[in-house]
Amino acid sequence: MGNADDHMYPSSNDYNFHATSANQRVAIPPPQPFVKSLKNTLKETFFPDDPLRQFKNQPPKKRFILGLQYVFPIFEWGPRYTLDFFKSDLIAGITIASLAIPQGISYAKLANLPPILGLYSSFVPPLIYAIMGSSRDLAVGTVAVGSLLTGTMLSKVVNANEDPKLYLHLAFTATFFAGLFEASLGIFRLGFIVDFLSHATIVGFMGGAATVVCLQQLKGILGLDHFTHETDIISVMTSVFTQIHEWKWESAVLGCVFLFYLLLARFFSKRKPKLFWISAMAPLTSVILGSILVYLTHAEKHGVPVIGHLKRGINPASIMDLNFNSQYLPTTIKTGIVTGIIALAEGIAVGRSFAMFKNYHIDGNKEMIAFGMMNIAGSCTSCYLTAGPFSRSAVNFNAGCKTAVSNIVMAIAVMITLLVLTPLFHYTPLVVLSSIIIAAMLGLIDYEAAIHLWHVDKFDFLVCMSAFVGVVFANIEIGLILAIGLSIMRVLLFVARPRTVVLGNIPDTKVYRNIDHYTNTNNVPGVLILEIEAPIYFANSSYLRERIARWIDDEEDRIKSSGETSLQYVILDMGAVGNIDTSGISMLDEVKKVVDRRGLKLVLANPGAEVMKKMNKSKLLETIGQEWIFLTVGEAVGACNYMLHTCKPKMGSGESEKYSNNV
């Protein structure tokens, strides 16, 4: 960084400092009534998308119709629905049904629930979502991570094998609370809470959960009868290798063959996207082939366990089965909240991803309400947690779906299966279900995203790996808490330790930028320009006071060693300070006093409306002097340069050394 030549800055002949400060003075915003200010703040916090805008200046009948369309989006796009759309949705719906049926059965086993519940959960919830959801591409159904969470958290209070009826009722109750929590977030516009699950957190958590799910499937692959209820890798591997004498080679061979087939189908579908249907049909094909093979060879008598009897008929009511017993209530509430957050984070992220491809918008809060209502309705109709799984939604998208009618088609296909086809699944081997789960979970381990995080942001990579390691080596809850804790800590660090940078002048311009970013900038003789890159709150005011003092010390040391013009002015660029509280005002007042004791002058540039309003109300504006507050850094530098050229400094840097101990 060099020194700017004197001729680059206005002299007393071409810069009228007093005229500039009078004509272009930074304005104080007009006062607003407290009620109006509070209303604006609440609106920006809870209604940033202004959902009520469409109701303005509309007659009552039109408002009713708009309200109906807002709550039930199907009434908005339904009248425009065409036969061509239905053809596309019919194909997509049948395609995702072929994936939903085997996945539903598999994931129910993962949650320690009867397999039939996986089919029940692919019937009622998709119908609710088709009416209330705003995504055209999301395919609703059970999810592996949510199923695993449900199973592990409920198993801590009730053993599914010893008391299956109580366990089932607790699963319904947890689903009810998950739906209630999700709907509440949407109704009260609290969707930003889910944003604390950052992208890095989700990548690490999903990767860890997928790894845990795969490890759990070793029980089915190896045909083990007894297996640990713990999910950490050490407990699982100990359980596997202490039962080597109980491994069933028939089950292992069958599982490896079908896993190879599923991965091969996915490989071809990725290489040629037009062949997506190969991967989509592979799970159902595996179930059919596995069932035929077991039936013909009587493999169930040779160590290959099968599903067995599945009850025929659609969902029975379960509203009377909800268990609000105080003994189990904390567990069901906790399970509902945790699984609800994970379901929302995955479902909304998936929905937004596909909406971006098709250039349309989905309302996050409406999605939360839709997810909540479908889980509340599901808990009353023998369903457990449902969301918008990525694998099923990707198949729906690639199959060419146009609207949420594809979910209705899928639900009808599942209904037909429940009414007619359930006996055909009697001979389906459990090892095939394990293979389906492993194949689906391998797709959730996004190592490419982790590598990308490493290259872009090392701290995000640390958050990602913390979530992964916590889930794999401890348990899912610890991994999730660790990841969210690190994410929140980072947010707090951004607030508590904001960046402050020194600005310099870009040659031949009146532009001032970070000297570390633009290495060709020139320092302004006698002037230190600092930029504060965050709002000033109680959490960072002490840090900023100390940091500003250190910048002044460093600048005076640099000047002393280089023999340049003594420091006379400290300019604070406030352009990035969107807000300030009373602690921030006190901090600026203290900085002003410290700078005065050093024989320097404090100058502010580009303060925002909120900052000016609060400085005016606190009388800090009078303390600093409004003539020392400028619209831009360029004007502030010009004024300081003018004063340096026309006025004798009160005190040089040598004299100000004795004040350095006051900071």
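Here the structure is a predicted model, which means the values were calculated and not measured. (Residues numbered from 1 in each chain as written. Predicted model: local features only at pLDDT ≥ 70, side-chain atom pairs only at ≥ 80, totals over all residues. Heavy atoms only, no water.)

Turning our attention to the overall build of the chain. Counting secondary structure elements, the chain contains 28 helices and 8 strands. Taken along its principal axes, the extent of the C-alpha atoms in the chain is 105 × 70 × 55 Å. Residues classed as buried in the chain amount to 51% of the 663 residues present. When the accessible surface of the chain is split by element, carbon and sulfur atoms take 62% of a total near 31200 Å². Between the mean site of the 55 positive side-chain charges and the mean site of the 51 negative ones, the chain shows a separation of 8 Å. (Helix = DSSP H or I, 4+ residues; strand = E, 2+ residues; numbered from the N terminus. Buried < 20%, exposed > 50% of the residue type's maximum accessible area, 1.4 Å probe, protein only. Areas by Shrake-Rupley, 256 points an atom, 1.4 Å probe, with all protein chains shown as cover. Lys, Arg positive; Asp, Glu negative; His and termini not counted. Charge placed at Lys NZ, Arg CZ, Asp CG, Glu CD.)

Glancing now at the packing of helix α5 (residues 83-110) against helix α18 (residues 405-421). Axis separation between α5 and α18 bottoms out at 7 Å; the angle between their running directions is 50°. With respect to α18, the element α5 is oriented oblique. Relative to α18, the crossing made by α5 is right-handed. Counting all contacts with α5, which are made through F86, D89, L90, A92, G93, I94, I96, A97, A100 and I101, the residues of α18 involved are V405, S406, V409, M410, A413, V414 and T417. (Axes fitted to C-alpha atoms, helices over the stretch in contact; angles between N-to-C directions. Parallel < 35°, antiparallel > 145°, perpendicular 65-115°, else oblique. Left-handed = near helix turned anticlockwise from the far one by under 90°. Contact = heavy atoms within 4.5 Å.)

Looking now at the packing of helix α7 (residues 124-132) against helix α16 (residues 364-379). Packing of α7 against α16 leaves a shortest axis separation of 9 Å and a crossing angle of 150°. Taken as axis vectors, α7 and α16 run roughly antiparallel relative to one another. The two elements α7 and α16 cross, and the hand of that crossing is right-handed. Taken together, the residues of α16 that come into contact with α7 (itself represented by P125, I128, Y129 and M132) are K366, E367, I369, A370, F371, M373, M374 and A377. Within the contact of α7 with α16, the residues separate by chemical class into 10 nonpolar, no polar and 2 charged. (Nonpolar A, V, L, I, M, F, W, Y, C, P; charged D, E, K, R; others polar.)

Take the environment of V240 next. One can find V240 in helix α12 (residues 233-241). Taking the C-alpha atoms as reference points, V240 and T297, 57 residues apart in sequence, are found 27 Å from one another. Excluding anything up to four places from it in sequence, V240 contacts L218, L222, F227 and W247.

Moving on, we come to the pattern of salt bridges. When the charged atoms of two side chains lie near each other, side chains of opposite charge can form a pair. What the rule picks out here adds up to 14 salt bridges. Residue K248 is joined to D225 by a salt bridge in which the shortest nitrogen-to-oxygen separation is 3.9 Å. One end of the pair, K248, is in the loop between α12 and α13 (249-271); the other, D225, is in the loop between α11 (218-222) and α12, and 23 residues separate them in sequence. A residue is classified by how much of its surface remains accessible, and D225, at 55% relative accessible area, is exposed. We note a salt bridge from E477 to K334, for which the minimum N-O separation is 2.9 Å. Of the two residues, E477 sits in helix α22 (residues 476-496) while K334 sits in helix α15 (residues 329-358), which places them 143 residues apart along the sequence. (Salt bridge = Lys/Arg side-chain N within 4 Å of Asp/Glu carboxyl O.)

Before going further, it helps to spend a moment on a positive patch on the surface. Positive charge collects at one region of the surface, where K36, K39, K43, R53 and K56 lie side by side. Inspection of the secondary structure assignment puts K36 in helix α2 (residues 34-46). Residue K36 is classed as partly exposed on the basis of its relative accessible area of 46%. (Patch = residues over 30% accessible without salt bridge, like charges linked within 9 Å, V, L, I, M, F, W, Y side chains within 5 Å.)

All right, on to the nonpolar core then. If you look at the biggest cluster of nonpolar residues, it comprises 105 residues, and the most contacted ones within it are L113, L117, L149, F205, I342, Y384 and M441. Those residues within four positions of L117 in sequence are excluded, and the remaining contacts are L168, F172, S382 and Y384. (Core = buried A, V, L, I, M, F, W, Y, C linked by side-chain atoms within 4.5 Å.)

Quick look at the UniProt feature "domain: STAS" (unreviewed entry) in the chain now. Annotation from UniProt places "domain: STAS" (unreviewed entry) at residues 517-640. Helix makes up 48% of residues 517-640 and strand 16%. Its end C-alpha atoms lie 24 Å apart. (UniProt positions renumbered as here; feature names shortened; annotations may be inferred.)

A word on a nonpolar patch on the surface. Nonpolar side chains collect at one region of the surface, where F192, I193, F196, I488, V491, L492, F494, V495, Y537 and F538 lie side by side and expose about 900 Å² of accessible area between them. Looking at where F494 falls in the secondary structure, it is placed in helix α22.

Attention now moves to the state of the cysteines. This model, assessed by the stated rule, comprises 0 disulfides. With no disulfide partner, C256 has as its closest neighbouring cysteine sulfur the one in C214, 13 Å distant. (Disulfide = S-S within 2.5 Å.)

Attention now goes to helix α20 (residues 447-456). Every buried residue of α20 is accounted for by A449, A450 and L453. Burial along α20 is one-sided: seen end-on, the buried residues are contained in an arc of 100°. Those residues of α20 that are exposed and aimed more than 90 degrees away from the buried face are Y447, E448, H452 and H455. (Arc of directions from axis to C-beta.)

Quick look at the packing of aromatic side chains now. Counting across every chain of the model gives 16 aromatic pairs. For the ring pair F176 and F324, a centre distance of 5.9 Å and an interplane angle of 80° mean the geometry is edge-to-face. Pair noted here: F176 is in helix α9 (residues 164-187) and F324 is in the loop between α14 (276-297) and α15, with a separation of 148 residues, a long-range link. Judged by relative accessible area, which is 18%, F176 ranks as buried. Judged by centre distance (5.2 Å) and plane angle (70°), the ring pair of Y295 and Y427 falls under edge-to-face. You can see Y295 sitting in helix α14 and its partner Y427 sitting in the loop between α18 and α19 (430-442), a full 132 residues away along the chain. The ring of Y360 carries the charged tip of R136 above its face, separated from the ring centre by 4.1 Å. The aromatic ring of W551 is capped on one face by R547, whose charged end is 4.0 Å from the ring centroid. (Phe/Tyr/Trp six-rings, centres within 6.5 Å; stacked < 30°, edge-to-face > 60°. Lys NZ or Arg CZ within 6 Å of the ring centre and 35° of its normal.)

Before going further, it helps to spend a moment on α12. Regarding α12, the residues found buried are V236, S239 and V240. Each buried residue of α12 sits inside an arc of 100° when the element is viewed along its axis, so together they form one side. In the core, the buried residues of α12 are packed alongside α10 (199-216) and α11.

With that settled, consider the pairing of strand β2 (residues 500-505). Two faces belong to every sheet, and in a regular strand the side chains alternate between them. Burial analysis of β2 places 6 of its 6 residues in the buried class, which makes it a mostly covered element. Residue alternation in β2 divides its side chains into two sets, T500, V502 and G504 and V501, L503 and N505, and both sets are buried. Sheet topology note: the β2/strand β5 (residues 527-532) ladder contains 3 bridges and is antiparallel. Counted as the bridge partner of T500 is I532 from β5. Taken together, the 3 bridges between β2 and strand β3 (residues 512-514) define a ladder with antiparallel strand orientation. Residue pairing for β3: N505 is matched across the bridge by Y512. The antiparallel hairpin formed by β2 and β3 contains 6 residues in its connecting segment, where D508 sits at a positive phi of about 65°. (Pairing = 2+ DSSP bridges.)

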